[in-house]
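Coordinate analysis (summary)
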Amino acid sequence: MLDLNITLVFQLINFFIALFFLNWLLIKPIREIIKKRNGIMDDMASEADNFVNEARERLANYEAELAKARQEAGQTREAGRNAGLEELAAIVGNAQQSAKQLLEENRKNIQGQAEIALSQLRDGIDDFSTRLGDKLMGIKQ
């Protein structure tokens, strides 16, 4: 059986003294270190959250700028296309006008040449008919 005597009291006193010194020397400093470490970890977690939020914001800004740049590029492309079509229409109009003028000049030139040839043929008909008549009649020149 268990004897309850004075040694039990001394052992309990030694236990509580050892517990007090161990708490004072080891447990309190370790708790302080753990609290500091938890504080540092919380700060790092909040910094990481801030970084993630900032990265998301920058990504959203980047995507908005990219969409804006795409829209501006589309507008620029459309304006360039319209300017090109206008320039093409002007070039085609000028070419058609030049072709009409050239065609008219060629028609006038050909008509003038035809009139000259016709007048030469008419002048030649008199001479030809005279020679033909002379040959038919037997007169030689």
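This text goes with the structure placed above it.
Everything in this summary refers to the structure shown in the same document.

Focus on the overall build of the protein
When its secondary structure is counted, the protein shows one helix and zero strands. Whereas a compact globule of 141 residues would reach a radius of gyration of roughly 14 Å, the protein reaches 58 Å, over 25% beyond that. The dimensions of the protein, computed from C-alpha atoms along their principal axes, are 185 × 30 × 25 Å. Split into buried and exposed, the 141 residues of the protein put 1% on the buried side. Here the protein displays about 13,400 Å² of accessible surface, and carbon together with sulfur accounts for 61% of that area. The distance from the centre of the 18 positive side-chain charges to the centre of the 21 negative ones in the protein is 3 Å.

Digging into the packing of aromatic side chains
Per the stated rule, a full pass over the model turns up three aromatic pairs. Ring geometry for Phe 21 against Trp 24: centres 6.5 Å apart, planes inclined by 70°, an arrangement best described as edge-to-face. Pair noted here: Phe 21 and Trp 24 are both in helix α1 (residues 6–137), with a separation of three residues, about one helical turn.

Remarks on α1
Taking 1.5 Å as the rise per residue, α1 with 132 residues should run 196 Å; its terminal C-alpha atoms sit 185 Å apart, in good agreement. Along α1, the sharpest change in direction is near 45° and occurs at Asn 23. One or two steps after α1, the chain reaches Gly 138, where phi turns positive at roughly 90°.

Section: the pattern of salt bridges
Side chains that carry opposite charge are capable of pairing whenever their charged atoms lie near each other. Summed over all chains, the structure comprises two salt bridges. Of the charged contacts, one joins Glu 54 and Arg 58 as a salt bridge, the two residues approaching to 2.8 Å between their closest N and O atoms. In this pair, Glu 54 and Arg 58 are both assigned in helix α1, four residues apart and thus about one turn of the helix distant. Of the charged contacts in the structure, one is a salt bridge between Arg 81 and Glu 78, with a shortest N-O distance of 3.2 Å. Of this pair, Arg 81 and Glu 78 both sit in helix α1, three residues apart, which is roughly one turn of that helix. Relative accessible area serves as the criterion here: at 37%, Glu 78 is assigned to the partly exposed category.

What to know about the environment of Glu 87
Topologically, Glu 87 is positioned in helix α1. Put simply, Glu 87 and Asn 106 are 19 residues apart on the chain and 28 Å apart in space, counted from C-alpha to C-alpha.

Details of the environment of Leu 22
Within the fold, Leu 22 resides in helix α1. Separated by 93 residues in sequence, Leu 22 and Glu 115 place their C-alpha atoms 134 Å apart.

Here is what the cut-offs are and how they apply
Position numbers for residues start from 1 in each chain and track the written sequence from start to end. For this predicted model, a pLDDT threshold of at least 70 governs which residues receive local features, and a threshold of 80 or more governs which side-chain atom pairs are given and counted, while totals over whole chains, interfaces and linings are taken from all residues. For the side-chain quantities, the full set of heavy atoms in the structure was used; hydrogens and water were omitted. Strands are runs of DSSP state E lasting at least 2 residues, helices are runs of H or I lasting at least 4, and numbering of each runs from the N terminus. To get the radius of gyration, use the C-alpha atoms; to get the globule rule, take the number of residues to the power 0.38 and multiply by 2.2 Å. Each residue's exposure class comes from its accessible area (1.4 Å probe, protein chains only) as a fraction of the maximum for that residue type: buried when under 20%, exposed when over 50%, partly exposed otherwise. Exposure was quantified through the Shrake-Rupley algorithm and a 1.4 Å probe, taking into account, for residues, occlusion by the shown protein chains and nothing else. Asp and Glu are treated as the negative residues and Lys and Arg as the positive ones, with His and the ends of the chain left uncounted. Charged side chains are reduced to one point each, which is NZ for Lys, CZ for Arg, CG for Asp and CD for Glu. Two aromatic rings, drawn from Phe, Tyr or Trp (for Trp, its six-membered ring), form a pair once their centres lie within 6.5 Å of each other, and the interplanar angle then sorts them: stacked below 30 degrees, edge-to-face above 60, tilted otherwise. Helix span, as expected, comes to 1.5 Å for every residue beyond the first. The bend at a residue is defined as the angle formed between two axes, one fitted to the seven residues ending at that residue and one fitted to the seven starting there. Any Lys or Arg side-chain nitrogen located within 4 Å of an Asp or Glu carboxyl oxygen qualifies as a salt bridge.

Geometry only, nothing functional implied.
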